[in-house]
Amino acid sequence: MARVFSGIQPSGGMHLGNLLGALRNWAAYQSEHEAVYCVVDLHALTTAPDPAELREHTLAAAALLMSAGIDPERSTLFVQSSVGEHAELAWMMECTVGFGELRRMTQFKDKADRSDFVSAGLFTYPALQAADILLYDTDLVPVGDDQRQHIELCRDIAERFNHRYGDTFTVPAHVIPETGARVMDLQNPTDKMSKSLESAGTVAILEEAAAVARKFKRAVTDSENEVRYDPVAKPGVSNLLGILASASGRTPQAVAGEYTQYGPLKADTADAVNSLLDPIRNRYAELSSDPAEVARLLAAGADKARTTAAATLKRAQTNAGLLPRPPLAPSS
Ligand code: AQP
């Protein structure tokens, strides 16, 4: 059975882009694949979040993944920092990736431009991400389009390591959905919808239905009056068509053929999105009332993850020439 791995940052306010670009597909993979999913809290440290908020957001992210259909019995669901092998393999990945390769990552450039303090961790983020993926002998990585460049770099890192030290890692492929891969901000439809932008055009998964409807009603379109799918010339309208297509399992072009005015398109998109979000919001209300149970499920997931991660790390260390780790001396 092919193995799938993906992760999400616990940066708070998970949004419609995360759902359509990633989470929905993660849930679908559970039936015919071995699925490993991770709340990547070490990645969140790159922007120095408040510690209490990070703890809260990590548990909330896990509860939200479960609410969106990730079943901890069928998948391995855990928190990245609970499995120490991620940070350990990341160093070996940093020694395998080139400085110039990291410098070309567009997400680093975007985030660095928006930050007062740019940590070295933000720069080496793709090396830790490669460790996350490669530790699990991953075949497929379902992600949104913004992660395409990182997963391609992860493939290059795996191939370089295998070339240097012999066959060590499975070389993974990304899987990017045909619709919903790049959900744009409703107010600035040339920017991707994002947790960190704090824009009125971001639709949070847990937002109330009425607020979601209002955001779609106010979505920026254009001064024409023609419903047509053309992301370059008509980014706002095309974003709405893409969202409605993704939420209803059609193509944006087919959806465009059903509308002649922007108002009904906005209203139907809001309804389709609320139908997707309703069951998630309801399940989240139940799960989030029992954080101890969420923590228990995550601990069981970390136990499962550790077995595979430890074997892969050991293989990588041995192949690279690191000595076997001596057993711990008995404590006096
Ligand atoms: N706008 C989007 N459209 C489609 N997919 C998206 N993803 C993120 N934004 C969109 C996908 O969601 C998964 C988890 O993302 P993440 O939180 O790990 O990283 P991110 O890309 O950094 O997400 P954000 O929301 O943009 O967070 P910030 O603002 O903190 O950077 C990934 O598969 C991603 O492709």
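To keep things clear, this report deals only with the structure shown in the data block. (Residues numbered from 1 in each chain as written. Predicted model: local features only at pLDDT ≥ 70, side-chain atom pairs only at ≥ 80, totals over all residues. Heavy atoms only, no water.)

**Observations concerning the nonpolar core**
- Within the largest apolar cluster, 54 residues are counted, with the highest numbers of intra-cluster contacts made by Leu23 and Phe216.
- Discounting residues that sit within four places of it in the chain, Phe216 has contacts with Leu16, Leu186, Val203, Leu240, Ile243, Lys266, Thr269, Ala270 and Val273.
- Listed in part, the 41 residues of the second largest apolar core include Leu89, Leu134, Val141 and Ala309. (Core = buried A, V, L, I, M, F, W, Y, C linked by side-chain atoms within 4.5 Å. Buried < 20%, exposed > 50% of the residue type's maximum accessible area, 1.4 Å probe, protein only. Contact = heavy atoms within 4.5 Å.)

**Some words on the site of the ligand**
- The local shell around the ligand holds 24 residues, among which Lys111, Asp146, Ser194, Lys195 and Ser196 are the closest.
- Here a nitrogen atom of the ligand sits 2.8 Å away from a polar atom, N or O, in the main chain of Val183.
- For the ligand, whose unbound accessible area comes to 640 Å², protein coverage reaches 97%.
- Taken together, the residues of the shell around the ligand sort by class into six nonpolar, 13 polar and five charged. (Near = heavy atom within 4 Å. Polar contact = N/O pair within 3.5 Å; in protein donor to acceptor, adjacent residues only side chain to side chain. Areas by Shrake-Rupley, 256 points an atom, 1.4 Å probe, with all protein chains shown as cover. Nonpolar A, V, L, I, M, F, W, Y, C, P; charged D, E, K, R; others polar.)

**Here we look at the pattern of salt bridges**
- In this structure the tally under the stated criterion is 18 salt bridges.
- For the salt bridge of Lys234 with Asp222, the shortest nitrogen-to-oxygen distance reads 3.1 Å. Of this pair, Lys234 sits in the loop between α9 (209–217) and α10 (235–248) while Asp222 is found in the loop between α9 and α10, placing the two residues twelve residues apart along the sequence.
- Since its relative accessible area comes to 0%, Lys234 is described here as buried.
- Across the salt bridge formed by Arg250 and Glu258, the nearest N and O atoms sit 2.7 Å from each other.
- Judged by relative accessible area, which is 29%, Arg250 ranks as partly exposed.
- Salt bridges linked by common partners bring Asp222, Glu224, Glu226, Arg228, Asp230 and Lys234 together as one network. (Salt bridge = Lys/Arg side-chain N within 4 Å of Asp/Glu carboxyl O. Helix = DSSP H or I, 4+ residues; strand = E, 2+ residues; numbered from the N terminus.)

**Things to note about the environment of Gly17**
- Position of Gly17 relative to the elements: it lies in helix α1 (residues 16–29).
- On the accessibility criterion, Gly17 (14% relative accessible area) is buried.
- Along the chain, Gly17 and Met184 lie 167 residues apart, while their C-alpha atoms are 7.6 Å from each other.
- With residues near it in sequence (within four places) discarded, Gly17 still touches Ala22, Val183 and Met193.

**A word on empty space enclosed by the protein**
- One pass over the full model with this rule turns up one cavity of 30 Å³ or more.
- In this structure, the largest cavity spans a volume of roughly 50 Å³.
- Looking at the largest cavity, the residues that line it are Gln107, Phe108, Lys111, Leu122, Tyr125, Pro126 and His150.
- Secondary structure elements with two or more residues in the lining of the largest cavity: α6 (106–113) and α7 (120–134).
- Classifying every residue of the lining of the largest cavity by side-chain character gives four nonpolar, two polar and one charged. (1 Å grid on protein atoms, 1.4 Å probe; cavity = no way out; pocket = protein on both sides within 12 Å on 5 of 7 lines; lining within 4 Å. Points joined across faces, edges and corners; volume = space filled by probe spheres on them.)

**Details of the side chain of Glu207**
- One can find Glu207 in the loop between β5 (173–175) and α9.
- On the basis of relative accessibility, which here comes to 15%, the residue Glu207 falls in the buried class.
- Side-chain polar atoms of Glu207 contact the backbone nitrogen of Ala204, separated by 2.8 Å.
- Sequence-distant contacts of Glu207, defined by excluding residues within four places in its chain, comprise Thr202, Val212, Lys215 and Arg281.

**Focus: the side chain of Gln147**
- For Gln147, the position within the fold is in the loop between β4 (140–142) and α8 (148–165).
- A polar atom in the side chain of Gln147 sits 3.0 Å from the side chain of Gln129.
- Those residues within four positions of Gln147 in sequence are excluded, and the remaining contacts are Gln107, Tyr125 and Gln129.

**Observations concerning α7**
- With 15 residues, α7 should reach 21 Å at 1.5 Å per residue; the first-to-last C-alpha distance of 22 Å fits that figure.
- Among the 15 residues of α7, 13 are classified as buried, and the element is accordingly described as predominantly covered. (Expected span 1.5 Å × (residues − 1).)

**Remarks on α10**
- Here α10 spans 20 Å end to end across 14 residues, near enough to the 20 Å set by a 1.5 Å rise per residue.
- α10 sits mainly inside the fold: twelve of its 14 residues count as buried.
- Considered for burial, the residues of α10 that qualify are Gly236, Val237, Ser238, Asn239, Leu240, Leu241, Gly242, Ile243, Leu244, Ala245, Ser246 and Ala247.
- Against the buried residues of α10 lie α1, α9, α11 (252–256) and α12 (262–287).
- Looking at the residues trailing α10, positive phi occurs at Gly249, about 70°.

Purely spatial values, then, with no claim about function.
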